[in-house]
Structures are given as structure tokens and as C-alpha cells.
Amino acid sequence: MKHKRILTCLFSFTFLIFTYQVIWGQDSNTDEDKRFDLDQNGELSQSEKELMVRVVRIENERGVQFSVDEIRNLQNGRGEQPRRRGGNRRGGSREPAGPRLNPEQVEFKDGAATIPDRETFKKLSYQGREVRIDTQLIGLEFVKFQIERTDTEDPQLYFMNTETHRSHGSFMSAAGLRRGQGQKRGVLVYRPLSLAPNGEPGVYTFEFNPNDAFPFAEIKAVHNLLIEKMPILENRLGYCPLWGAINLYRNEKALYDKAEFPVYFEDDLYANIGFLPLNSAESFGRLQLLDEIERPSPRDIVICKTLPNEMSRVAGIITGVRQTPLSHVNLRAIQDKVPNAFISEAWKTESIASLIGKYVYYKVSHDGFEIREATQNEVEKHFSNLRPTKIQKPIRDLSVKQIQKLEDIEFTDSSIFGVKTANVATLRTFDFPDGIVPNGFGLSFHFYDEFMKHNDLYERIDRLLNDVDFQKSLEVKKKELKKLRDEIKKAEVPEWMMDSLSVLQNSFPKDTPLRCRSSTNNEDLPNFSGAGLYDSFTHHPEEGHLSKSIKQVYASLWNYRAFEARDFYRIDHFTTAMGVLVHPNYENELANGVAVSDDVVYQTDGNYYFNTQVGEEMVTNPNETAIPEEILVDWWDSSNYRIVKESNLANSKRILTDKNLSQLTYYLGAIHNKFNKLYNSTTMNNHFAMEIEYKIMGDGKIIIKQARPWIQ
């Protein structure tokens, strides 16, 4: 398939220092808060706080500030809403601009009589936000059409140039058509994620105005006419009845059940997904089935029949099971700038299976994928251009020599403690209820650096990096890195450091299990995720001194997958540093999940994306048989949501309750707005979103354990 566009992600490993901006302080009497104190009682109620979160997001996106009266109107539903959700209002009549034209007489700038191929459809289509009242089409690729003389044996089909004419009225004026009997106005939508009747990804659906209803015989006639004038629709076309046609469809369901074309409802189009683009990019490499090779190399494009928990650097990824965009596999694909997609049973698809073992070009975009055989010269040129030419040196500040409480760590301290620690510390300033955000301590990079120097480990690593066998053999590299990690775990901790860790450990109640979380200077950055590269550990009281788990976290800096990622991008191993975030471990949770303040999967407009699983079954590293719950939630109104997929571990029950969704959308909205200002969204290519990790505890309490920018 060919594609409309490729979304590129530009990654830089140089840590960015952002200017701290004071926003929405905890003083409820700030000027910002006063605009939302609608009952003027001197403090914000929870409903006023929730309104503030929603309105400020609109203000940030539009670069405006609403007055108190405008805020009241928004609260009461009378003001300008952030978006509209469909409608059935028809445009007024418009006088034709000239004589009536037959379909063959219409100029291409206005429309066409036939669509011979996919490229022509793309030229006639529109995809974006300017859809007038048809808000259900936002973000979809579509071509509107009009059929004249449907009450005769010679109907006339006009495909509109929808880039030129967004409304049927505008097109009718250009084509000299007048409103009257025997007309049908519809839209042909391309849905690249859904399986077509022929079993391949990419289905087209036709639908009509929301309140139109036509009997089966007329729907069948339209279906046949569309295929006649656009032959590529054969075995790829289905009917999508909108709300006005549902009752008539139900009355004639027996006829549709026997028809040669399928009927899709909106929910079906989510569930019937056979292709899901996780990361849009293009690459070259050797196509390999992952279970037929012992270990993938950076030059392999791998087909995974199941979703692996870990993935070293590869040239591209295809999975035969659905991924979520929040899995570590996809976050690795994003940071490595490699294409990644779910393609149903890809290894059985002839166009893919015939290329296994060969060099290929592989491209993923929003509306499809392309894979073809490539030459070795193409592959060599691709990889020579991909790696940076200069060594990248992450910034590490070793000036802070004490363990610090999170309350004493600021957003700008990420070059001292790592981004994960700094962001959790910043979350604690957002005036959330007690216990929502973990409370603990941060170990600075100074501790890691002193530990490594105390044991001459830098010299040990230097010798390793200059070893010829280590440089040339993946097997030797993996073996030697494991030996290095074992040495780090057994190494002596300086006495002063042991004392400091003892004070930290004893500051928690006795028998408290402590979570020791990796926090480096090359992960969780605005333009580099690093997710899944490093490891975190829970230190249980019976394990003794906390230094045991701290050394395990330090050792994870030298995981094979982390080393390969740094090596490929020429990241200086010696300026990479490990901090540690320490807080009480959470146990016996009802659920855990990840959410993004944008719909990063289905690309719907104005929705939050929630991905949740029961208990401790992780959504970032899922079991291959575990299917998480997926919910899209309107960020303006949390009561307006769609359950896209149910968890297969939840016994047909919802994991996130209405109360959970209400609370989480409030927290996620506040986090989005405040970090948007802290990070300054202009550095994020003007499209900012935040990702959070959360837990639902046994008592129903929500824990926000992490927040980081979502890499677009």
C-alpha cells in the first residue's frame, strides 16, 4: 500500500533544561483561581477545580483566556464548546453556478465520475478537522459522493473533490445540480485499521446523512454502483448505518444477513481491527521471524507471533497480536525511530511471508503499511545515515551529595536526580489529595558516580569497550555485560554511602517494602522515552540492607538492551548516570494502567486514552495472552466514554468504574496543563500530551506513580 504521510519523530539525547514556571500554586486565592471561584466563597470546590482543568486546556490550545462570564457559559453549556459531536442539520440551498453537468463533465478540481485506483481516491479525499457538522469524520480520510436520478434505471454517481467541496451544497452549485427527488448524498470513508471482507487490512464504508434512512434494495443498489465506478472497492466495501437508519436496518436485518456486503457499526469498526500503526516510520533490514532466530540484531525487522516482554534494538517490528501504544515494545520503537505495527497473521500473508529472510523496505503510516524487497546497497546506506556522527553526552550534575526528600526536589533538578524522580517530585506540588502521588526520596547521580569510582568499575568498563571480541561478537557482548552486572551487584558500597542508605531505610516504618526505581539522564525526556531500558526493584525487609536493591538498579544501566540502544546512538556510556527514586511499594492493587492525555491509538478527536489491566498484570509488559481494557474518554465530559475493548481477565466486568474515570480524567487533565507549561509545548513540536502510570488500590484509592511526556 502507498501512504499519505509519514509522521517523523526526531530524537535527541542531549538533556534539555527547562525554565521553571510557577503555575496554579497551592494558594487558592491566586488570580488564576479567582476566575473559577464562581460561587465567590474564597476557595475552589472540586467541581470548580475540574472546570478549571477543562477550560485551561482549551485556553492553552487556543492561546486565549476566557472571562468569568464566558467560563460560566461554558459551565452551563451555553458557551463555545471545545468540539461538536455530529448533527443532522442540513445546509441551506444554494443556486447552481452554471448549467447542469453530467459526472463525466465535472472538472477534477470539483469531482470525478470514476475512481480507478487508491491514488485517485487520495487526491479526491479530505482528512483533517475542517468537517463542518460531520464531526464523526474528524481525522478520517473520506470522499463525499452524490447520486442523482436514483428513481430511474440510469442513476448518476458523482464523486466530490472533498478537498475543494466539504459540503454537498457547495459541490451541487459547482456541478449545476438542484435539490429534488431521486437524490442521495453520502460519504465514502477509508478505515485503514479495520479488516476488509477479504480479510486484509483496510476497509471502505459508505454512509449517508445521519437522519437519512433507505430500504435495503436501495442500499444494495448504491453498494453496486460504488463498486462499478470504483473497482478497488470489490471485497473491501461495507455499509455503515447512522442513527437515523438503525430502526429500518433492524426491520430488514434478515436481508442484510444474506447480502454479499457486510454492515459495520461504529463499535464494529473498533473491534474489527486487523492493522494498527503503532509507530509511523520507515526502515530497511532483513525480515525475520523472531521465534526462528536466537536473538535479533539491530539490522533485523522482526515478525513476532506474540508480544515479547523485552526487545533489544531492531530495525522494525511487526506483531501478530494487538499491541498498545504504551507497551515497552512500542516505546522502544518510538525512541529508536523504527516502524512498528500490528498486522493480523502477517507471517501468513503472502506479500509478507515471501520476503522472510530477505532484505526489505518497511514503512508504516497512519493509513497503511508498505513492505517490499530491498537491495543490500539500500540497507547499507540506510544504516550509515541513521547513526549520529558525533558522540552524544547526556548532562549529569554531580553537585548534590545528599539523599533528598521529594519535597526538596524541583522540576529543574532532573539533571541531578533523573527525570523520573524530578517529575514525581513535581507531581507532589499539584495540590492533589494526600497519598495520590508517592512520597519518598531521591538518590542523586553523585551516589552512582562515587560507587563506580570506589570499585574501579569505570576502568573495568573502559577495558571492556576496547576489547575486540566484545566489539565484534553479540554473544560475547551479552556474556560480558552479564558478568559486569554481577560484579556491580557484588561490589562494595562505601561506608559513608551505607550510612546514608541506612538513614533513608530507617526513615520508613519498620517492615515497609521499598520500591527502588531507575531514574537516569537518558530516559523520560521530552524527545526520548527510554522506557523499558532499565530495571526497578522492590526491596523487602527480609533482604537486609537497602544497598542490595540499589546496586541491582545500578547494574541495570548495563543491560544488553540498554547498552545496545546507547551504543547505536553513540551515547557516551560514561556520562550516562543512574539515580534512584525510593518510596514505599504498593501491593495488592485491584488494577494498574497507563493513560495518555490524547487518543494515541485510534486518533479520535478530544479523547483521553486509558489502558488498564486487573491486579498486577502489567500493561507495559503484558503477558502474551492478557488483553487489557481500553477506554476512550471525552476530556470535557468523563461521563461520555467508549469501551473499545474489555479485559479478558476481568470476567466481563469493567475495571475502571465511572468514579475512577471521573477522578482519573481530572488528575490527567491537571497534569497535562501543568506539565504543558513546565515543558513549554513549543519544544514538543506544538503537539503536547502527557502519559501517566496509575494504580487502583484495594480501597479504591488512585495512585499516580509516574508522569512523562508522550513522544508524538
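Residues numbered from 1 in each chain as written. Predicted model: local features only at pLDDT ≥ 70, side-chain atom pairs only at ≥ 80, totals over all residues. Heavy atoms only, no water.

### Things to note about the pattern of salt bridges
(1) Moving on: On inspection of all chains with the given rule, the structure shows 28 salt bridges.
(2) Moving on: A salt bridge links K109 to D110; the nearest nitrogen and oxygen atoms lie 3.1 Å apart.
(3) Moving on: For the salt bridge of R396 with D449, the shortest nitrogen-to-oxygen distance reads 3.3 Å. Taken as a pair, R396 in the loop between α12 (376-386) and β14 (404-405) and D449 in helix α15 (residues 445-454) lie far apart in primary sequence, 53 residues in all.
(4) Moving on: Of the residues examined, D449 reaches a relative accessible area of 4% and is grouped as buried.
(5) Moving on: What you see here is one network of salt bridges that share partners, running through R396, D449, E450 and K453. (Salt bridge = Lys/Arg side-chain N within 4 Å of Asp/Glu carboxyl O. Helix = DSSP H or I, 4+ residues; strand = E, 2+ residues; numbered from the N terminus. Buried < 20%, exposed > 50% of the residue type's maximum accessible area, 1.4 Å probe, protein only.)

### Quick word on the packing of aromatic side chains
(1) Moving on: Taken as a whole and judged by the stated rule, the model has 35 aromatic pairs.
(2) Moving on: With a centroid separation of 5.5 Å and an interplanar angle of 70°, the aromatic rings of F430 and F675 are classed as edge-to-face. One end of the pair, F430, is in the loop between α14 (419-427) and β15 (441-443); the other, F675, is in helix α22 (residues 658-679), with 245 residues separating them in the sequence. Assigned by exposure class, F430 and F675 land together as buried.
(3) Moving on: Judged by centre distance (6.0 Å) and plane angle (85°), the ring pair of W635 and W636 falls under edge-to-face.
(4) Moving on: Assessed through its relative accessible area of 15%, W636 is described here as buried.
(5) Moving on: By the ring-pair criterion, three or more aromatic residues cluster together here, those being F145, F206, F208, F214, F216, Y239, Y249, Y256, F261 and F265. (Phe/Tyr/Trp six-rings, centres within 6.5 Å; stacked < 30°, edge-to-face > 60°.)

### A few points about the confidence of the model for the chain
(1) Moving on: For the chain, the average pLDDT comes to 85, and 88% of its residues sit at 70 or higher.
(2) Moving on: For the stretch residues 1-29, pLDDT sits under 50, and the model shows 90 contacts to residues farther than four places along the chain or on other chains.
(3) Moving on: For residues 83-93, every residue scores under 50 in pLDDT, and the model assigns this stretch 26 contacts once sequence neighbours within four places are set aside. (pLDDT = per-residue confidence, 0-100. Contact = heavy atoms within 4.5 Å.)

### Let's talk about the sheet that holds strand β12 (residues 359-365)
(1) Moving on: Strand order in the open sheet formed by seven strands is β7-β11-β10-β9-β8-β12-β13, and the pairing between neighbours is mixed. Only two strands of the sheet have a single partner each, and these edge strands are β7 (275-279) and β13 (368-373). Sheet twist, expressed as the mean angle between neighbouring strand axes with direction ignored, is 30°.
(2) Moving on: When strand β8 (residues 281-289) meets strand β9 (residues 300-304), the two strands line up parallel, connected through four bridges. Counted as the bridge partner of L289 is I303 from β9.
(3) Moving on: Strands β7, β10 (316-319) and β11 (340-343) of the sheet are contacted by helix α10 (residues 328-336), whose axis makes an angle of about 55° with β7. (Pairing = 2+ DSSP bridges. Axes fitted to C-alpha atoms, helices over the stretch in contact; angles between N-to-C directions.)

### A few points about the packing of helix α18 (residues 474-490) against helix α20 (residues 547-555)
(1) Moving on: The N-to-C vectors of α18 and α20 enclose an angle of 155°; their axes lie 8 Å apart at closest approach. Our classification of the angle between α18 and α20 gives roughly antiparallel. For the element pair α18 and α20, the recorded crossing hand is right-handed. Across the interface between the two elements, R485, I488, K489 and K490 of α18 pack against K551, Q552, Y554 and A555 of α20.
(2) Moving on: Split into classes, the residues belonging to the contact of α18 with α20 amount to three nonpolar, one polar and four charged. (Parallel < 35°, antiparallel > 145°, perpendicular 65-115°, else oblique. Left-handed = near helix turned anticlockwise from the far one by under 90°. Nonpolar A, V, L, I, M, F, W, Y, C, P; charged D, E, K, R; others polar.)

### Focus on the environment of G139
(1) Moving on: Tracing the backbone shows G139 in the loop between α4 (118-124) and β2 (141-148).
(2) Moving on: On the basis of relative accessible area, G139 is assigned to the partly exposed category, the value being 22%.
(3) Moving on: As for G139 and Q603, which are separated by 464 residues in sequence, their C-alpha atoms are 6.8 Å apart.
(4) Moving on: Beyond its immediate stretch of four places on either side in the chain, G139 contacts Q127, G128 and H366.

### Here's the deal with the pairing of β11
(1) Moving on: Of the two faces of β11, the one carrying N340 and F342 and the one carrying A341 and I343 are both buried.
(2) Moving on: Bridge analysis of β7 against β11 gives four bridges, and the strand direction is antiparallel. Across the sheet, the residue bridging to P277 is A341, located in β11.
(3) Moving on: When β10 meets β11, the two strands line up parallel, connected through three bridges. Looking across to β11, one finds that I317 is bridged to N340.
(4) Moving on: Crossover β10 to β11 through α10 is right-handed. (Right-handed = clockwise from strand over helix to strand, strands pointing away.)

### Quick word on the nonpolar core
(1) Moving on: The biggest cluster of nonpolar side chains holds 56 residues, and the ones touching the most others in it are F610, I671, F675, Y694 and I704.
(2) Moving on: Examining the composition of this core, we find that 10 residues originate from one element, α22, more than from any other.
(3) Moving on: Residues F342, V601, Y602 and V619 belong to the second largest nonpolar core, which totals 46 residues. (Core = buried A, V, L, I, M, F, W, Y, C linked by side-chain atoms within 4.5 Å.)

### Overview of α12
(1) Moving on: Here α12 has its buried residues at V379, H382 and F383. What you see down the axis of α12 is that its buried residues fit within an arc of 90°, all on one side. Exposed residues pointing more than 90 degrees away from the buried face of α12 are listed as N377, K381, S384 and N385.
(2) Moving on: Where α12 is buried, its residues meet β8, β12 and α21 (560-568). (Arc of directions from axis to C-beta.)

### Describing the side chain of N607
(1) Moving on: Checked against the element boundaries, N607 lands in strand β20 (residues 607-614).
(2) Moving on: Here D634 takes part through its backbone nitrogen, which lies 3.3 Å from a polar atom of the side chain of N607. (Polar contact = N/O pair within 3.5 Å; in protein donor to acceptor, adjacent residues only side chain to side chain.)

### Remarks on the side chain of T665
(1) Moving on: Looking at where T665 falls in the secondary structure, it is placed in helix α22.
(2) Moving on: Owing to a relative accessible area of 9%, T665 belongs among the buried residues under this scheme.
(3) Moving on: Of note is the side chain of T665, whose polar atom sits 2.8 Å from the backbone oxygen of L661.

### Observations concerning the environment of E104
(1) Moving on: Residue position: E104 is located in the loop between α3 (68-75) and β1 (111-112).
(2) Moving on: Taking relative accessible area as the criterion, E104 reaches 61% and is therefore assigned exposed.
(3) Moving on: Sequence spacing of E104 and L157 is 53 residues, and the spatial spacing of their C-alpha atoms is 9.7 Å.

### Observations concerning the sheet that holds β14
(1) Moving on: In spatial order, the strands read β14-β15-β18-β16-β17; together these five strands make up an open sheet with antiparallel pairing. Looking at which strands have only one partner, the edges of the open sheet turn out to be β14 and β17 (537-539).
(2) Moving on: Bridge count for β15 against strand β18 (residues 578-584) is three bridges, and the pairing is antiparallel. Bridge pairing links F441 to V582 in β18.

### A closer look at the environment of D37
(1) Moving on: As for its placement among the helices and strands, D37 is situated in the loop between α1 (31-34) and α2 (46-62).
(2) Moving on: Separated by 12 residues in the primary sequence, D37 and K49 have C-alpha atoms spaced 8.9 Å apart.
(3) Moving on: Ignoring any residue separated from it by four or fewer positions in sequence, one finds D37 in contact with G42, E43, L44 and E48.
(4) Moving on: Side-chain polar atoms of D37 contact the backbone nitrogen of N41, separated by 3.3 Å.

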